[in-house]
Amino acid sequence: MRQRTPPEAAAAGLIPHSQFNRRLEADIMVSRRNFLVGSGAVILGSALANSTFSGIAHAAPQGGPAWLEKSVMYLLYPQTFADSDGDGIGDIKGIIGRLDYLKWLGVNLIWIPPIYPSPFKDAGYDVSDYKAVASRYGTLKDFETLVKTAREKGIRILLDLVAGHTSDQHPWFTASETDLKDGRYIWTGPDHADADDLPGNYVLREGSKRGAFLHNYYESQPALNYGFARMDPEEPWRQTVDAEGPMANRAALQEIMKHWLDLGVSGFRCDMAFSLVKDDPGYAETSKIWRANRKWLDANYPEAMLISEWGYAKQSIDAGFHADFFLHNLGSTSPDPTKGGAWNSLFLSGKDPYFSDSGSGSAKIFVDTWTQWSGDIRQRGGYIALPTGNFDDANRLNDGNRGTASLKSGLVLQLTWPTLPMIYNGEEIGMKMIKGLPNKEGSDDGDPDGDRQRNRTPMQWDSTANAGFSKAPADKLYLPIDKDPKRPTVEAQQDDPDSLLCLVQRLIKLRKSETAFDPSSELRVLSTGYPFTYLRGDRYLVAVNPRRDAAEIVVDDARLGRARSVENVGTTIDGPRLQVDGFGFGIFDLS
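**Q** Is there a simple way to think about the overall build of the protein chain in this case?
**A** A count of helical and extended segments in the protein chain gives 12 helices and 19 strands. Classification of the 591 residues of the protein chain by burial places 64% in the buried group.

Right, dumping it as structure tokens:
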């Protein structure tokens with residue numbers, strides 16, 4: 001989720017997190033009679049806390065692969081997931097060796113970040129060959145085996161598509177340095193190569209006949225030329241979106257997708273998807289490119305999907321994507337008025353999040369934003385993917401500021417909410433964010449909130465050396481293992497029914513087996529205070545209380561008295577009152 005401000009905003013690093021502080025009364029009474037019921041209806045409820053909460057019942061999605069409705073995505077960081085050959089770096093054979101675990105867990109869609117050849121100045125997001133596999137990960141044959149074996153186990157594979165830039169070592173770029181007619185990249189030309197007078201994000205290439213080039217993130221990542229939406233007499237090197245170079249890049253993008261789709265992948269997570277066309281107000285021209293890609297995909301690979309790193313689903317779904325992430329660090333040019341604050345209001349420690357021991361947050365900004373976005377998006381067949389963390393700067397749930405007891409409630413929310421849930425590897429066992437690690441392959445990007453390596457430590461499998469990740473000497477590992485002797489492992493939790501891992505496994509099974517938890521099924525939010533309480537499919541009541549103090553809600557629903565407990569930690573029903581202990585949660589079947 002490497003969301004960055006587009007180059008035209010001349011931002012050099014990640015966007016600081018926004019801060020939203022909202023409080024609501026904890027004890028709220030909601031009457032079931034206040035809600036409208038029916039497919040497609042907007043459901044409004046009034047609460048005694050002088051707040052209005054809303055839910056949406058959606059029509060079944062249209063226009064995308066049917067398998068998405070039951071998908072649970074697993075983000076697998078290849079460098080640190082499983083090492084099969086003892087070199088200290090995870091690899092494809094290591095992933096293959098852990099597919100039975102992923103099948104047991106119940107996930108059925110794996111997103112793998114870039115595994116292409118690269119100089120690894122940005123951990124693989126600087127691609128030097130789009131149609132091959134980096135030797136440290138294995139071979140193309142290994143990858144084919146992974147896709148085939150995973151599909152046999154009911155698991156699909158998504159690859160990362162880095163569409164907006166390459167490495168400066170890609171053959172396209174090295175050729176463009178000397179070919180004055182090559183339009184694949186954005187060069188100023190030698191007449192506009194004054195280092196003191198260059199626009200933001202342009203880099204002077206010493207000794208090059210082409211002058212300076214535009215980069216997207218690091219200076220080693222030259223932006224591919226998809227054209228400019230607007231011309232500027234101050235920048236005469238700008239080309240239109242239908243110029244030869246931009247059109248060549250559009251064709252190459254489809255060739256790359258075809259290559260991997262023919263090998264059996266089920267689609268792509270599209271890195272910095274908003275960033276293709278430059279100086280593009282409202283991303284109108286960029287959206288046209290992705291709509292064309294979607295049309296091509298539907299005609300040739302109708303069972304494949306595209307998920308964007310865009311962060312504003314109302315816009316990205318219009319651009320042709322099947323899904324978009326609910327992101328945490330949207331840039332200043334994003335039309336999203338919350339600037340990532342909706343996600344932050346749930347999880348970002350230090351910003352008064354809802355999921356914290358103190359109980360001083362509110363889920364209202366999250367619910368309000370979700371409700372605003374979701375209805376129109378789902379009517380068009382789109383999905384919003386809700387992560388709890390990732391390998392960049394959306395920290396792990398177990399970030400050192402949140403007690404391990406509250407992790408369960410966070411994952412209960414994620415796996416019962418009407419989303420395309422995404423679990424980052426290790427979240428299912430409560431792996432910790434580890435500070436103070438060395439910079440690795442560009443992970444130290446100057447973000448004032450911390451370096452990205454803190455969320456990239458090796459997967460913790462068992463109690464053997466290196467937590468079962470690798471047989472390499474500890475000093476040869478890609479990144480160090482969590483040194484805490486009490487670190488969580490898959491081995492320690494897999495046979496413990498009270499563990500976080502087994503809870504996640506049961507929640508995934510419940511989600512996949514009950515249509516009430518489908519993204520298109522009805523949602524009614526009863527309370528955004530403590531406990532956060534909602535009803536799915538007019539059948540399952542969910543309440544989570546991630547704070548240390550107990551909380552309760554009064555629900556006027558006669559079915560509560562005969563509710564069957566599906567998952568319950570510290571939750572009791574006393575007439576119309578639902579009482580939830582600190583760090584407790586409950587899922588109840590009201591049918």
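Continuing now.
**Q** What am I meant to see in the nonpolar core here?
**A** The nonpolar side chains of soluble globular proteins are, as a tendency, buried together. Among the nonpolar cores identified, the biggest contains 140 residues, and Phe143, Trp290, Trp417 and Phe532 are the most heavily contacted of them. Among the elements that line this core, the one with the most residues is helix H12 (residues 500-513), at 7 residues. Core analysis: the next-biggest nonpolar cluster, separate from the first, contains 11 residues, Ala543, Leu560, Val580 and Leu590 among them.

**Q** Just checking my understanding: could you explain helix H3 (residues 140-152) for this structure?
**A** One full turn of an α-helix is made of 3.6 residues, so residues set three or four places apart face in the same direction. The terminal C-alpha atoms of H3, which comprises 13 residues, lie 19 Å apart, in line with the 18 Å expected from a rise of 1.5 Å per residue. Contacts made by the buried residues of H3 are with helix H1 (92-97), helix H2 (99-105), strand E5 (109-112), strand E6 (156-162) and helix H5 (244-261). Note on H3: the residue one or two positions beyond its end, Gly154, has a positive phi of about 80°.

**Q** Just checking my understanding: could you explain the packing of aromatic side chains for this structure?
**A** Aromatic ring pairs: the centre-centre distance and the angle between the two ring planes describe each pair. Scanning the model with the defined rule gives 37 aromatic pairs in all. Ring centres 6.3 Å apart and planes at 80° place the aromatic pair Phe120 and Tyr137 in the edge-to-face group. Remark: Tyr137 occurs in the loop between E5 and H3 and Phe120 occurs in the loop between E5 and H3; sequence separation between them is 17 residues. When its relative accessible area of 13% is taken as the criterion, Phe120 is described as buried. Ring plane angle 55° and centroid distance 5.3 Å describe the contact between Trp343 and Phe347, whose orientation is recorded as tilted. Here the residue Trp343 and the residue Phe347 both occupy positions in helix H8 (residues 341-347), the gap between them amounting to 4 residues, near one helical turn. Each of the two residues, Trp343 as well as Phe347, counts as buried. In this structure, Arg184 is placed above the aromatic ring of Trp172, and the distance from its NZ or CZ to the ring centre is 4.1 Å. Residue placement shows Lys440 over the ring face of Tyr478; its charged tip is 5.2 Å from the ring centre.

**Q** Would you mind going over the packing of H5 against helix H6 (residues 284-300) with me for this structure?
**A** Between two packed helices, both the angle of their axes relative to each other and the distance between the axes serve to describe the pair. Between H5 and H6, the least distance of the axes is 11 Å, while the angle of their chain directions is 35°. The two elements H5 and H6 meet at a crossing, and its hand is right-handed. Along the contact surface, H5 presents Arg250, Leu253, Gln254, Met257, Lys258 and Leu261, while H6 presents Lys288, Ile289, Trp290, Ala292, Asn293, Trp296 and Leu297. Tallied by class, the residues present in the contact of H5 with H6 amount to 8 nonpolar, 2 polar and 3 charged.

**Q** Even after reading the chapter, I still don't get the packing of helix H10 (residues 407-416) against H12, so can you show me in this structure?
**A** At a closest axis distance of 10 Å, the pairing of H10 and H12 adopts a crossing angle of 15°. The angle between H10 and H12 places the two elements in the roughly parallel class. Once H10 is placed against H12, the crossing between them reads as right-handed. Counting all contacts with H10, which are made through Leu407, Lys408, Leu411, Val412, Gln414, Leu415 and Thr416, the residues of H12 involved are Leu500, Leu503, Val504, Leu507, Ile508 and Arg511. Class assignment of the residues belonging to the contact of H10 with H12 gives a composition of 9 nonpolar, 2 polar and 2 charged.

**Q** Got a minute to help me understand the pattern of salt bridges in this structure?
**A** Side chains bearing opposite charge may pair, as long as their charged atoms lie close to each other. Under the defined criterion, the tally for this structure stands at 30 salt bridges. Among the ionic pairs, Lys153 bridges to Asp100, the shortest N-O distance being 2.6 Å. A residue pair is termed long-range when its members are at least 10 positions apart, and Lys153 in the loop between H3 and E6 and Asp100 in helix H2 qualify at 53 residues. Arg452 serves as the salt-bridge partner of Asp122, at 3.1 Å between the closest nitrogen and oxygen. In this pair, Asp122 is assigned in the loop between E5 and H3 and Arg452 in the loop between strand E13 (420-424) and helix H11 (490-493), connecting sequence segments 330 residues apart. Both residues of the pair, Asp122 and Arg452, belong to the buried class. The structure contains a network of salt bridges with shared partners spanning Glu522, Arg524, Asp538, Asp557 and Arg559.

**Q** Could you clarify how one ought to interpret the sheet that holds E13 in this entry?
**A** Two pairing modes exist for strands in a sheet, parallel and antiparallel, and in both the strands are linked by backbone hydrogen bonds. The strand order E4-E5-E6-E9-E10-E11-E12-E13 describes a closed barrel built from 8 strands, whose pairing is parallel. Going from strand to strand, the sheet's axes swing by 25° on average, the running direction of each strand aside. The pairing of strand E4 (residues 73-75) with E13 spans 3 bridges and is classified as parallel. Paired with Met73 across the strands is Met422, a residue of E13. Along the sheet, H10 contacts strand E12 (383-387) and E13; its crossing angle with E13, the most-contacted strand, is approximately 145°.

**Q** So what exactly am I meant to see when it comes to unusual backbone geometry here?
**A** Across the chain, the bulk of peptide bonds are trans and the bulk of non-glycine residues have phi less than zero. Cis geometry is adopted by the peptide bond preceding Pro531, which originates at Tyr530 and carries an omega value of 0°. The residue Pro531 is located in the loop between strand E14 (523-527) and strand E15 (532-536) in this model. Non-glycine residue Met272 carries a positive phi angle of around 45°. Structurally, Met272 is set in the loop between strand E9 (267-271) and H6. Owing to a relative accessible area of 1%, Met272 belongs among the buried residues under this scheme.

**Q** How do you make sense of the pairing of strand E17 (residues 551-556) when you look at a structure like this?
**A** Look at any regular strand and the pattern is simple: side chains alternate between the two faces of the sheet. Counting buried residues in E17 gives 5 out of 6 residues, a clear majority hidden from the surface. Taken together, the 4 bridges between E17 and strand E19 (residues 577-589) define a ladder with antiparallel strand orientation. The residue of E19 that forms the bridge with Ala551 is Val580.

What counts, and at which threshold
Residues numbered from 1 in each chain as written. Predicted model: local features only at pLDDT ≥ 70, side-chain atom pairs only at ≥ 80, totals over all residues. Heavy atoms only, no water. Helix = DSSP H or I, 4+ residues; strand = E, 2+ residues; numbered from the N terminus. Buried < 20%, exposed > 50% of the residue type's maximum accessible area, 1.4 Å probe, protein only. Core = buried A, V, L, I, M, F, W, Y, C linked by side-chain atoms within 4.5 Å. Expected span 1.5 Å × (residues − 1). Contact = heavy atoms within 4.5 Å. Phe/Tyr/Trp six-rings, centres within 6.5 Å; stacked < 30°, edge-to-face > 60°. Lys NZ or Arg CZ within 6 Å of the ring centre and 35° of its normal. Axes fitted to C-alpha atoms, helices over the stretch in contact; angles between N-to-C directions. Left-handed = near helix turned anticlockwise from the far one by under 90°. Nonpolar A, V, L, I, M, F, W, Y, C, P; charged D, E, K, R; others polar. Parallel < 35°, antiparallel > 145°, perpendicular 65-115°, else oblique. Salt bridge = Lys/Arg side-chain N within 4 Å of Asp/Glu carboxyl O. Pairing = 2+ DSSP bridges.

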